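These are the residues of each chain, in order.
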Amino acid sequence: MASITLEEVTKVYPNGFEAVHKLSLNVADGEFMVLVGPSGCGKTTALRMVAGLEDISDGTLQIGDRTMNEVSARERDIAMVFQNYALYPHMTVAENIGFALKLKKLPTNEIKMKVEETASLLGLTASLERKPGQLSGGQRQRVAMGRAIVREPSAFLMDEPLSNLDAKLRVQMRAEVARIQRRLAVATLYVTHDQVEAMTMGDRVAVISAGVLQQCDVPQALYDHPSNLFVASFLGSPGMNLYEGALGEDAAFVLIGTQRIDLPATVHVSKPALRKYANGRVVVGLRPEDLVLPGEEHDKAVAGWAPFDCDVELVEALGSELLVHFVSDARAVRVVEVENEDSHGLDQGTLTRGGEGVARTAARARITGGARARFYIDPQRLHFFDSETNSAISA
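Residues numbered from 1 in each chain as written. Predicted model: local features only at pLDDT ≥ 70, side-chain atom pairs only at ≥ 80, totals over all residues. Heavy atoms only, no water.

Most of strand β14 (residues 281–286) is tucked away, with five of its six residues classed as buried. Two strands pair when backbone bridges link them, and strand β11 (residues 241–247) and β14 are joined in this way by six bridges, in the antiparallel orientation. Across the sheet, A246 pairs through a bridge with R281, a residue of β14. (Buried < 20%, exposed > 50% of the residue type's maximum accessible area, 1.4 Å probe, protein only. Helix = DSSP H or I, 4+ residues; strand = E, 2+ residues; numbered from the N terminus. Pairing = 2+ DSSP bridges.)

Turning next to the sheet that holds strand β22 (residues 383–386). Spatially, β13-β12-β11-β14-β22 is the arrangement adopted by the five strands of the open sheet, whose pairing is antiparallel. The open sheet has two free edges, formed respectively by β13 (259–262) and β22, since each of these has just one partner strand. Neighbouring strand axes in the sheet, compared pairwise and without regard to direction, differ in orientation by 40° on average. (Axes fitted to C-alpha atoms, helices over the stretch in contact; angles between N-to-C directions.)

Quick look at the environment of A19 now. For A19, the location among the structural elements is in strand β2 (residues 18–27). With relative accessibility at 6%, the residue A19 sits in the buried group. For the pair formed by A19 and K43, sequence separation is 24 residues and the distance between their alpha carbons is 8.8 Å.

A few words now on the nonpolar core. Judged by nonpolar contacts, the single largest core of 52 residues is most densely connected at V177, Y190, V207 and L242. Dropping the residues within four chain positions of it, V177 is found in contact with F32, M145, M158, L162, Y190 and M201. (Core = buried A, V, L, I, M, F, W, Y, C linked by side-chain atoms within 4.5 Å. Contact = heavy atoms within 4.5 Å.)

Here the focus is the environment of I393. Among the structural elements, I393 can be located in the segment after β22. Since its relative accessible area comes to 4%, I393 is described here as buried. Separated by 353 residues in the primary sequence, I393 and G40 place their C-alpha atoms 29 Å from one another. Discounting residues that sit within four places of it in the chain, I393 has contacts with K271, A273, L274, Y277, V282, F384, F385 and D386.

To continue, consider the pattern of salt bridges. Using the criterion set out here, one finds 18 salt bridges in the structure. Put simply, E197 and R170 hold a salt bridge, and the shortest N to O gap is 2.7 Å. Remark: R170 occurs in helix α5 (residues 167–184) and E197 occurs in helix α6 (residues 195–201); sequence separation between them is 27 residues. For the pair formed by E197 and R170, the shared burial category is buried. Put simply, R275 and D250 hold a salt bridge, and the shortest N to O gap is 3.0 Å. Of this pair, R275 sits in the loop between α9 (265–270) and β14 while D250 sits in the loop between β11 and β12 (253–256), and the two are 25 residues apart along the sequence. Among the charged side chains, a network of salt bridges with common partners joins K11, R48 and E54. (Salt bridge = Lys/Arg side-chain N within 4 Å of Asp/Glu carboxyl O.)

Here we come to the packing of aromatic side chains. Geometry of an aromatic ring pair is reported as the spacing of the ring centres plus the angle between the planes. Under the definition given, this model contains six aromatic pairs. Plain terms: the ring middles of Y243 and F308 are 6.3 Å apart, the flat faces sit at 40° to each other, and that makes the pair tilted. Remark: F308 occurs in strand β16 (residues 306–317) and Y243 occurs in strand β11; sequence separation between them is 65 residues. Ring pairing ties together the aromatic residues Y243, F308, F326 and F375, which thus form one cluster. Between the NZ or CZ atom of R260 and the centre of the ring of F253, over which it lies, the distance is 3.9 Å. The ring of Y223 has R287 lying over it, and the distance from NZ or CZ to the ring centre is 3.8 Å. (Phe/Tyr/Trp six-rings, centres within 6.5 Å; stacked < 30°, edge-to-face > 60°. Lys NZ or Arg CZ within 6 Å of the ring centre and 35° of its normal.)

An α-helical turn contains 3.6 residues, so a residue and the one three or four places further along point in the same direction. The end-to-end C-alpha separation of α5 is 26 Å, in line with the 26 Å expected for 18 residues at 1.5 Å each. Those residues of α5 lying buried are L169, R170, M173, R174, E176, V177, A178, I180 and Q181. Looking at the buried residues of α5, the elements they touch are β3 (32–36), α3 (108–122), α4 (137–149), β7 (155–159), β8 (187–192) and α6. Measuring from the side-chain oxygen of the N-cap residue of α5 to the backbone nitrogen of K168 gives 3.2 Å; that N-cap residue is D166. Of the residues flanking the end of α5, it is A185, one or two places downstream, whose phi is positive at about 55°. (Expected span 1.5 Å × (residues − 1). Polar contact = N/O pair within 3.5 Å; in protein donor to acceptor, adjacent residues only side chain to side chain.)

With five of five residues buried, β7 is to be regarded as a mostly interior element. Side-chain alternation along β7 places A155, L157 and D159 on one buried face and F156 and M158 on a second face that is also buried. Bridging between strand β6 (residues 78–81) and β7 involves four bridges; their strand directions are parallel. If you follow M80 over to β7, its bridge partner there is L157.

Pasting the structure below:
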């Protein structure tokens, strides 16, 4: 078993396009690291450099204590699981799983034993004599994993392995993949564009945009303390609501549109740098679940919470909750990815038509489209960002 270490790894193609820029990342032995970002952001290119399928333009790659820049893919002792399964259709499940062992010319009895052990781990024992065409999508993905597991590699690489499955099966399979990885305790680098998949599976999550690593941390820390606007808007379903804001004298309050939210001393204790922006412009972030719609039994807001008025446009009933789409007199900010090293993979934010946002409420809340609504906000749950650098305002 081994760790995976990338030190300022860069990929520049012959046409001059820089797909990955100085990526530094360490996947500890036994760790499940998820690399997440939008399509085309460079995450698969990074994975392919680790696999040896793409040359490294600059920087250093190590697996364990060995530098791998010039080592061929065959000699890196890693196993890769692809999104298209890459199974041999004319072979049985047992033959597919054991193919790599057969190439190594291991004894037949040893191959049979290892294949059966792997099949048992993956719940494929009853399917060993079937061919891929007779299997479901989830079973085919298990076979692809089995072919990687049976080799007992130093590290696993997975390139969006669940993307071809239907929604229900993806939920089931992401739990199974995480369970199997923890049982095997092998360093795993897992690539996905699905932020829900990333948050639920990874021991740590590395967020990448336009080839640049934005933040790497445990999932809850990324969600609660995003380092910049991109991470804030990308993680979460729905994503964080972002608005232009104006701080008052001594940063004692913030205006979002015409709506004033007083900021108690506890906010300044947790975000001491906020006072530097007094009488200035900032970007204010609100998670959808932090917009609280009091129940009918409440006749006043929680002490110290601020009202936030808006017009409801649409209510989505999801069974377990409601998503309330609204507009207010604030100016919403949308973050888009750009290929610009100076802006660290982000632009400066683009204003949308005004006040668009989403709130997450209880399933049986009485709220309808076309109505005027009043939510309440705990000021301590607000997020603040520098409107020029996009960085979070904290210490």
